[in-house]
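Residue-level structural notes
Next come the chains, spelled out residue by residue.
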Amino acid sequence: MRATIVILCVALLGVARADEKATAEKYFRAGAKAYAAQNFEAAIANFEEAYRALPVPEIAFSAAQAYRRQYRVDARPEYVKRSVELYRIYLDKVKTGGRVGDAADSLGEMQRELDRLGAAGIKAEMRIVERTRLGVTIAVDDKTSDKAALREIGDAVGDALPGVTATLDGKPLEPFALVDVDPGEHVVAVSAPGYEPIEQKHRAVAGASELIDIALRARPARVGLKTEPDTRVIVDGRPSAMPTGVLELVAGKHVITLLHDGRKPIAKEIVVERGATTTIVAPLVKTTQRRAVPWIYLGAGALALGATTGAIVALVANGDASDLHAKILVGNRAASDADTYDRLVKRRDRAATATYVLGGAAVLAAVIGTGLYLFDAPSAEGVTVTPVASPDGAAVVVGGRF
């Protein structure tokens, strides 16, 4: 029984630690993004929440960095004291590697500033106040930056999520920042160019800080094709049905291939933006064999006409020869009738031979033309892809011939 209780306690402890790590990672990612956007006050709030959930040296160092940078913006003495505390925590636990050199240098800088404030009689005390706060952490479905591991934050900064607009109860809210709110229900809305807007209701718990996870879903890029009916469309090597006549693609680079029986296959590489509409005008050019089919059928028709003429000549000659032969059998005919009969028989035979030859050639030509028509189905193999991109790499509108 005691062993079972011990195992259960260990299991519960493992679950609790997993939850603490997940919470710490959530706040750490938000702090890292706020730091990248140079919102050091928001970074401080998130790093402190992360450190409260999981007190590891990497988070302590990152929080110290945020305090140090925020002190340059807002010279509050408590920022200096807290950064010194956190740098010391980091150096107490990390002796080599990591960011030991940076931590030592920054600690020296902040300690000198703290000593200067003390000499001037300025107290640096951190006041602990119970606060009810909400914030939003934003992820997009076509990025994987949110999955970064916990590691020390350096001084490099950048733009975390350009173009994102967030509001809390209709008032602007900076992404990844924790703001003070009253306990109760609040409405958070997030939007960004090329993404579906999201609005959520959330209840704030008194004395608690919470980040609301919001995942923005990218709007598909729409690509319209103006080409011949029944054209087969292949996108990135996969057939597309295009039930609405418009392709919906994820943002980025794609290769669109158009196939049609009797037409030369064409392909185009395009770059499209989220939510953008692109129109491709693609007149298809007949293949050489499809252009040859009418001429082959015309030749077959001429041969058939020749065969028909030969048959008529053979029938007429055969009729005349039969009539003359009957008269010769009766008797009392001139000697020249025999020569005339021979000429008619030879004419009949020559015309019959020509009929067979021309008729066979006509059939053969018709079969060839039909085969060329029916089996003129070009494939995508060997199609040359022509890259196209606008100067800024955004979506393009393609016009004219591919």
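First, a word on scope: everything that follows refers to the structure included in this document. (Residues numbered from 1 in each chain as written. Predicted model: local features only at pLDDT ≥ 70, side-chain atom pairs only at ≥ 80, totals over all residues. Heavy atoms only, no water.)

Some words on the pattern of salt bridges
Within the structure shown, the criterion is met by 15 salt bridges. One salt bridge connects Glu-48 with Arg-82, and the closest N-O pair in it is separated by 2.9 Å. Note that Glu-48 is positioned in helix H2 (residues 40–53) and Arg-82 in helix H4 (residues 77–93), a separation of 34 residues in sequence. Connected via shared salt-bridge partners are Glu-48, Arg-82 and Glu-85. (Salt bridge = Lys/Arg side-chain N within 4 Å of Asp/Glu carboxyl O. Helix = DSSP H or I, 4+ residues; strand = E, 2+ residues; numbered from the N terminus.)

Section: the sheet that holds strand S7 (residues 209–216)
Pairing is mixed across the open sheet formed by 3 strands, whose spatial order is S4-S1-S7. Lying at the two open borders of the sheet, with one neighbouring strand each, are strand S4 (179–180) and S7. Relative to S4, strand S1 (residues 133–140) runs antiparallel, the two sharing 2 bridges. When the bridges of S4 are listed, Leu-134 appears paired with Val-179. (Pairing = 2+ DSSP bridges.)

Observations regarding unusual backbone geometry
Of all residues except glycine, most have a negative phi; of all peptide bonds, most are trans. Of note, the phi angle at Asp-230 is positive, near 65°, even though the residue is not glycine. Considering the arrangement of structural elements, one finds Asp-230 in the loop between strand S8 (221–226) and strand S9 (232–235). The exposure class assigned to Asp-230 is exposed, which follows from its relative accessible area of 70%. Despite not being glycine, Asp-236 has its phi angle at roughly 55°, a positive value. Relative to the helices and strands, Asp-236 resides in the loop between S9 and strand S10 (238–240). Given the relative accessible area of 41%, Asp-236 is considered partly exposed. (Buried < 20%, exposed > 50% of the residue type's maximum accessible area, 1.4 Å probe, protein only.)

Here's the deal with the side chain of Glu-78
On the secondary structure map, Glu-78 appears in helix H4. Under the relative-accessibility criterion, Glu-78 is labelled buried at 15%. Polar contacts involving the side chain of Glu-78 include one to the side chain of Arg-76, which spans 2.8 Å. (Polar contact = N/O pair within 3.5 Å; in protein donor to acceptor, adjacent residues only side chain to side chain.)

Concerning the nonpolar core
Ranked by size, the top nonpolar core spans 59 residues in total, and within it Val-136, Val-190 and Leu-216 carry the most contacts. A total of 9 residues in this core trace back to one element, the largest contributor, which is H2. The next biggest cluster of nonpolar side chains, apart from the first, holds 15 residues, and it includes Val-235, Leu-249, Ile-256 and Ile-266. (Core = buried A, V, L, I, M, F, W, Y, C linked by side-chain atoms within 4.5 Å.)

Notes on a positive patch on the surface
Where like charges cluster on the molecular surface, the positive patch consists of Arg-343, Lys-346, Arg-347 and Arg-350. Tracing the chain through its elements places Lys-346 in helix H7 (residues 336–374). (Patch = residues over 30% accessible without salt bridge, like charges linked within 9 Å, V, L, I, M, F, W, Y side chains within 5 Å. Areas by Shrake-Rupley, 256 points an atom, 1.4 Å probe, with all protein chains shown as cover. Lys, Arg positive; Asp, Glu negative; His and termini not counted. Charge placed at Lys NZ, Arg CZ, Asp CG, Glu CD.)

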